[in-house]
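Fold and contact review
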Amino acid sequence: MEPVIFEERQTQIHRKGTQPFDLACNKDSLAGAVSQRACVFCGSRVVLYPIADALHLVHGPIGCAAYTWDIRGALSSGPELHRLSFSTDLQERDVIFGGEKKLYRALMELIERHSPKAAFVYSTCIVGLIGDDLEGVCKKVSKKKGIPVLPVQSEGFKGNKRAGYHAACQAMFRLVGAGDTTGISKKSLNILGDFNLAGEIWIIREYFKRMGIEVVANITGDGRVDDLRRAHGAALNVVQCSGATMDLALMMEEVYGIPHLRVSYFGVEGMAESLYSVARFFDDPEMMARTRELVREELAELYPRLQEFRRALTGKKAAIYVGGAFKAFSLVKAFRLLGMEVVLVGSQTGTPADYQELHDITDEGTIIVDDSNPLELSSFLKEKDVDIFVGGVKERPIAYKLGVGFCDHNHERKEALEGFVGMLNFAQEVYNTVMSPVWQFVPRKVRKAA
Amino acid sequence: MKDHNAPYTSTTNACKLCKPLGACLAFRGIEGAIPFLHGSQGCATYMRRYIISHFREPMDIASSSLGEKQAVYGGGPNLKQGLKNVQSKYGARLIGVATTCLTETIGDDVPLLVREFRREMAGGNGHEDLPALVTVSTPSFSGTHMEGFQAAIKSVVEQMAAGGPATEAVNLLPGFVSPADIRYLKEVLADFDLTGIILPDISETLDGPAQDDYEKIPAGGTPLKDIRAMGRARATIELGRTLFPQETAGRFLENRFGVPWRPLGVPIGLRETDRFFQVLEELAGCATPPRHDLERGRLLDAMVDGHKYVFGKKAVVYGEEDLVVGLTAFLSEIGVRPVLCASGGHSGNFGEAIAAVTQDLLAEPPLVREGMDFYEIAEEVEALAPDLLIGHSKGYHLARKWGAPLIRVGFPIHDRFGGQRILHLGYRGAQSILDRIINAILEKKQQDSPVGYGYL
Ligand code: SF4
Ligand code: SF4
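Going along each chain's sequence as written, the residues are numbered from 1 onward. Labels are handed out in written order, letters beginning with A for the chains and numbers beginning with 1 for the ligands. Only residues with pLDDT of at least 70 get local features here, since the model is predicted, and only at 80 or more are side-chain atom pairs given and counted; chain-wide, interface and lining totals rely on the full set of residues. Working from all heavy atoms in the structure, the side-chain values ignore hydrogens and water.

1. Section: helix α15 (residues 374–384) of chain A
Residue and element names in this part refer to chain A.
- The buried fraction of α15 amounts to eight of the eleven residues, a majority that puts the element mostly inside the structure.
- Those residues of α15 lying buried are P374, L375, E376, L377, S378, F380, L381 and K384.
- Helix numbering and strand numbering both begin at the N terminus, where a helix is a DSSP run of H or I of at least 4 residues and a strand a DSSP run of E of at least 2. Immediately downstream of α15, the backbone of D385 shows phi near 50 degrees, a positive value. Burial here depends on accessible area, computed with a 1.4 Å probe over protein chains only, as a share of the maximum for the residue type. Under 20% is buried, over 50% is exposed, and the range in between is partly exposed.

Below, the structure is given as structure tokens:
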């Protein structure tokens, strides 16, 4: 049989300890490989989607909108306009004669119907080709309707998800600065890069509240247009996840001088360190004391229960393949806390610096991989005999077909995994997976025993 | 009330999917086949995720992964490179190349590119290893996933079937039904002692057993040699009333190779299944085998036992046109009143097909609407006040808001377990749908009742 690794992909795979580390990444996906990657549009959609009082209109043929209808568990405490899937559903004649008129009418119609606070108009591949003047139509509608109507330049073929994050940040940045910032506390921040999956941002907001910090804007989980517009009034941006909203933080830093901190709410170390770093930023001894107290309380509750899981899970093997590398860091640490060994770690969109960091925190023999595909992943899973594989919904059937446990750590998760309580949920899920009796019956194990 | 002559410009919560998705599903039911999308990466990834969430099976779709450069200068080189990679890494025996909106718009001539690819490969020494290459044009800006599915089947037949000495086989083109449905059809053919060629056959490829090794391409699917022999079969049974005014794979086989064409409705419910069995009896030259007769008898018995629970209940049915036609036929037979038949598709034949299967049973015909989205369906629901909804899981929001039970059928089922194992066809399928409908009505009644009856 042919080796399972495409030759052209050799440089995107590394086994720690075998040779000097130099992982190629950020390449275009290889034609013909079944890449797990998505498109620019997907990146933009993921970031902007949770803004719950905005209209999200996908300008293009139906598929791009249909596949992103209410697929994520990004919760809202109020309006739920984001859960509807709007499309211009371009038809042949639009492709030939242009889709501007249809876009204009669709926007007018939908804004009238739903009275959103703002509208995002996503460009898809076709729109990039037929050359519709999105900017022009948006301007016209904005003037007529008196709300911001923002084009998102997310033509799918113009790069990968990361380019989509950038386009989303540019669109949001046009909102920032328009609102009134009077009354915002000096001890305030914006939460960037949390999408409120399973209500996670509420957990984080509660921590900040206990520390005595005002949260100005959620960007974008449980997000609101008006909050975004006054986000420049905050003293700090805390940014989770390496890719998605970093560009916005950088733009706000440049224009409004708002500094940013990179944080992670996943795993005990990440969570505690994130809160401490915020407290250090505000340089307020009382706040630091409150933060210490918060962490102490949470840990006192968490640790005894984690120990139980740890006893059962020590020595089990985990594999990680996620969208962004930053999440991978947290996962590596979280598995360590559970006494588990990480034997494979990879991401769809990591940067050289990300991979260097992964290389530094993993053990010898760990496989590090960029932009992988089902064939590769399945061969790694088998080779390393893993007990649990963490990935997105596209990876699940690979694991299950081989009789390997799986944990969805992606946008479709329904359990909160952030914060201290999230670590407990995570441990519980890993435990429920790894300890299930079903694995002993699957062909992979039966054959080995025979 | 909304004016149906002035439909909305925008689409909200579509009740259809895009065309290449259907093509990918069709190709997936062929032995050793890999679906291949000529376009940018995003489309393939989205479709994979959508399909996987329903079947809970691996679903590899290769892509030519076009970027900005290729979108401007043409995707030929990427297509060829991609085909080569799929061939060498997957060992595909057939690659089904479907276009996307992107490549249709830039105007890549895929059949030409594939011919070039064949020639170039023959120039090397890999000729004998070259997989079968089938191309199909599937721009989503003209047509839905069902049209993509049918177009792919037609392309496969047109590009692969050959004539020759007649065989005993019967071609069966079932359309997009579940793996459980395909298993059922196989069983029926076997009980009639008929050799069937079912295209596509997703019974194993999209509902396979646990594996020791990850299979690059799942086992099962219609064998290539069978597809090649379809021009020599005794007859072609093709299912789906809304298809027939158009050119179909079955009609092609008749025109080109003289294989008699037997178009039928999808066998859902009593009478559509009767029609199906009647054709099988003719072809097999024997009566319906006793076990299927018994199943029919039990279905009738259940229809009698349950008639009071369902009589006069109003139902909204939505989804793929031919599935809706079959379900509506069955509902009319059991005394449920279909009040709206809705589809995102627009074959132009939906109304006629519904009328054909319900005319003699319904005093009042249902509203039949093509090209609907869920916003429009919701508006109708408000006005029609149905007691139940029947369709795929994307109608859940509506059912929840309206407070009526949803009977989940078809594709996709993203919020329940076992969608790939739902049986819709035949007497047996009708039996299970009937059970589910009645139980849904009883459950609702029980829940809503302050008494809490333990006997219903
Ligand atoms: S571009 Fe066309 S093929 Fe691709 S997802 Fe959108 S509708 Fe489907
Ligand atoms: S690649 Fe283009 S066409 Fe496909 S889903 Fe993304 S934006 Fe839509």
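2. Regarding a nonpolar patch on the surface
All names here are of chain B.
- A patch is a set of surface residues, each over 30% in relative accessible area and not in a salt bridge, joined within 9 Å for like charges and within 5 Å for the nonpolar side chains Val, Leu, Ile, Met, Phe, Trp and Tyr. To measure how exposed things are, a 1.4 Å probe is used in the Shrake-Rupley method; for residues, cover is taken only from the protein chains shown. Only one rule defines a salt bridge in this text: a Lys or Arg side-chain nitrogen within 4 Å of an Asp or Glu carboxyl oxygen. A cluster of nonpolar side chains, contributed by V451, Y453 and L456, occupies part of the molecular surface with about 290 Å² of accessible area.
- Position of L456 relative to the elements: it lies in the segment after α17 (426–448).
- With a relative accessible area of 37%, L456 lands in the partly exposed category.

3. Some words on the domain arrangement of chain B
Residues and elements named next belong to chain B.
- Domain start and stop points were drawn from an automatic or database domain assignment. Taken domain by domain, chain B holds domain 1 (19–160), domain 2 (170–208 + 215–284) and domain 3 (291–448).
- Inter-centroid distance (C-alpha atoms) of domain 1 to domain 3 is 34 Å.
- The term buried area denotes the loss of accessible surface (1.4 Å probe radius) that occurs when two parts are joined, taken as the sum for both partners. Interface of domain 1 and domain 3: buried area, both sides summed, is about 1100 Å²; carbon and sulfur atoms make up 62% of it.
- Of all residues in domain 1, the largest losses of buried area upon contact with domain 3 belong to Y50, H54 and R56, amounting jointly to 53% of the total for that side.
- Taken together, domain 1 and domain 3 are joined by zero salt bridges.
- Throughout this description, a polar contact denotes any pair of N or O atoms lying within 3.5 Å of each other; where both atoms belong to protein, one of them has to be capable of donating a hydrogen while the other can accept it, and for residues adjacent in sequence the pair is counted only when both atoms sit in side chains. Inspection of the region where domain 1 meets domain 3 yields five residue pairs in polar contact (both at pLDDT 80 or more).
- Of all elements in the fold, only α2 (41–55) and α7 (145–160) reach the threshold of two or more residues within the side of domain 1 that touches domain 3.
- The biggest single contributor to the side of domain 1 that touches domain 3 is α2, with five residues.

4. Some points on a positive patch on the surface
- Residues A:R93, A:K101, A:R105, A:K140 and A:K144 make up a contiguous surface patch of positive charge.
- When you line up the elements, A:K144 lands in helix α6 (residues 134–145). Note that His is not counted, nor are the chain ends; the positive residues are Lys and Arg, and the negative ones are Asp and Glu. Where a charge lies is defined by one atom per residue type, namely NZ (Lys), CZ (Arg), CG (Asp) and CD (Glu).

5. Remarks on the domain arrangement of chain A
Residue and element names in this part refer to chain A.
- One can read the domain layout of chain A as domain 1 (7–24 + 314–413), domain 2 (40–173) and domain 3 (188–292).
- The contact rule is simple, with two residues in contact once any of their heavy atoms fall within 4.5 Å. Each side of the interface is counted separately: domain 2 has 24 residues, and domain 3 has 25 residues.
- Across the interface of domain 2 and domain 3, roughly 1900 Å² is buried in total on both sides, 68% from carbon and sulfur atoms.
- At the junction of domain 2 with domain 3, the criterion picks out zero salt bridges.
- Residue assignment for the side of domain 2 that touches domain 3 shows that the elements contributing at least two residues are α1 (40–48) and α7 (161–173).
- No other element matches α7, which puts six residues into the side of domain 2 that touches domain 3.
- Amino acids outside the nonpolar list (Ala, Val, Leu, Ile, Met, Phe, Trp, Tyr, Cys, Pro) and the charged list (Asp, Glu, Lys, Arg) are all regarded as polar, and Gly is one of them. In terms of residue class, the side of domain 2 that touches domain 3 is built from 15 nonpolar, six polar and three charged.

6. Observations regarding the site of ligand 1
- The local shell around ligand 1 consists of A:P61, A:G63, A:C64, A:Y67, B:C18, B:P20, B:C43, B:M47, B:T100, B:C101 and B:S140.
- Residues lining ligand 1 come from chains A and B.
- Looking at side-chain class alone, the shell around ligand 1 contains eight nonpolar, three polar and no charged residues. We call a residue near a molecule or strand as soon as one heavy atom of that residue lies within 4 Å of the molecule or strand.

7. Structural notes on the site of ligand 2
- Surveying the vicinity of ligand 2 reveals the residues A:C39, A:F41, A:C64, A:T124, A:C125, A:G156, B:S40, B:G42, B:C43 and B:Y46.
- Proximal residues around ligand 2 fall on chains A and B, making this an inter-chain site.
- Ranked by the residues each element gives to the shell around ligand 2, the list is headed by α2(B), at three residues.

8. Observations regarding the packing of aromatic side chains
- Pairing of aromatic rings covers Phe, Tyr and Trp, the last counted by its six-membered ring, and requires centre-to-centre distances within 6.5 Å; plane angles under 30 degrees mean stacked, over 60 mean edge-to-face, and any other angle means tilted. This structure, assessed with the given rule, holds 24 aromatic pairs over all chains.
- For the ring pair A:W69 and B:F374, a centre distance of 5.8 Å and an interplane angle of 45 degrees mean the geometry is tilted. Note that A:W69 is positioned in the loop between α2 (62–66) and β3 (86–87) and B:F374 in helix α15 (residues 374–384), a pairing that runs across two chains.
- Its relative accessible area of 5% is what places B:F374 among the buried residues.
- With 5.3 Å between their ring centres and 65 degrees between their planes, B:F176 and B:F411 make a pair best called edge-to-face. Pair noted here: B:F176 is in the loop between β6 (170–173) and α8 (179–191) and B:F411 is in the loop between β14 (406–408) and α17, with a separation of 235 residues, a long-range link.
- Judged by its relative accessible area of 13%, B:F176 falls in the buried class.

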